[in-house]
Amino acid sequence: MKENSQIEKLSPVSKKDINESKKNDPDKTHDLSEELEKELKIKHSEVLELQKKLEYANERIHDVVNEKIIIEKRLNELEFKDISLQFGKFEELKKEHNQLVHRLHVTKNQLDNARKQIKSQNQFVEDSKDQIEFMELVIHDLENRGLTDFIMNRFPESFNEYKKN
């Protein structure tokens, strides 16, 4: 029954034509039947050819999908390697940064110590200058004391202050 409905769909000859030809002439019916069988064989071969093309297309799609999966895996591997390299570079830069920060702190501490030493040395120099000036004053006062002060064994105030210290 299915075959008849397919034949009706594929055939340009309608049922009406078949019924009329049966009534008119039995030879024509046989010719028409042969013609329909030929047409059926042609359509059947076309269907087979289309099925082959469909199978080929499905195989090709399957190959392309497999190829896509392989390419995606490879891409993921390469992205992972790239990220690993970037992370390695980041870690290296982080380490270098930490070393620079450490050097900065060490250098700052050394500078602070040097400043303290310079400040203490400057203070020492200032104190030394004050002492030298004071000693110069004492020497000057001793040199300039009078003969009576010398005879009476009197010393200038600056000398007495020097003796106290």
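All values reported here derive from a predicted model rather than from experimental measurement.

A. Just the overall build of the protein chain, in detail. In terms of regular secondary structure, the protein chain is built from five helices and zero strands. Listing the helices and strands of the protein chain from first to last along the sequence gives α-α-α-α-α. A buried classification covers 7% of the 165 residues belonging to the protein chain. When contacts within the protein chain are restricted to residue pairs at least 6 apart in sequence, long-range pairs at least 24 apart make up 38% of them. Carbon together with sulfur atoms contributes 57% to the accessible area of the protein chain, which is approximately 15,400 Å² in total.

B. Focus on the confidence of the model for the protein chain. Per-chain confidence: the protein chain averages 86 in pLDDT, with 84% of residues scoring 70 or above. The weakest mean pLDDT in the protein chain belongs to helix H1 (residues 2-10) at 47; the strongest belongs to helix H3 (residues 26-143) at 93.

C. Looking closely at unusual backbone geometry. A positive phi angle is found at Asn 153, which is not glycine, with a value near 55 degrees. Its place among the elements puts Asn 153 in the loop between helix H4 (147-151) and helix H5 (157-164).

D. Structural context of the pattern of salt bridges. Scanning the entire structure with this criterion turns up seven salt bridges. Here the salt bridges share partners, and the residues they tie into one network are Lys 108, Asp 112 and Arg 115.

Thresholds applied
For every chain, the first residue of the written sequence is number 1, and numbering continues from 1 onward in sequence order. Only residues with pLDDT of 70 or above have their local features reported here, since the model is predicted, and side-chain atom pairs are shown and tallied only from 80 upward, although totals for entire chains, interfaces and linings are computed over all residues. Heavy atoms throughout the structure, all of them, feed into the side-chain values; hydrogens and water do not. Counting from the N terminus, the helices are the DSSP runs of H or I reaching at least four residues and the strands are the DSSP runs of E reaching at least two. Burial status follows relative accessibility: with a 1.4 Å probe on protein chains alone, a residue under 20% of its type maximum counts as buried, one over 50% as exposed, and anything between as partly exposed. Pairs of residues are marked as contacts when any of their non-hydrogen atoms sit within 4.5 Å. Accessible surface is estimated by sampling points in the Shrake-Rupley manner with a 1.4 Å probe; for residues, cover comes only from the protein chains shown. Across the chain, each position has a pLDDT score giving the predictor's confidence in that residue, from 0 to 100. Criterion for a salt bridge: a side-chain nitrogen of Lys or Arg within 4 Å of a carboxyl oxygen of Asp or Glu.

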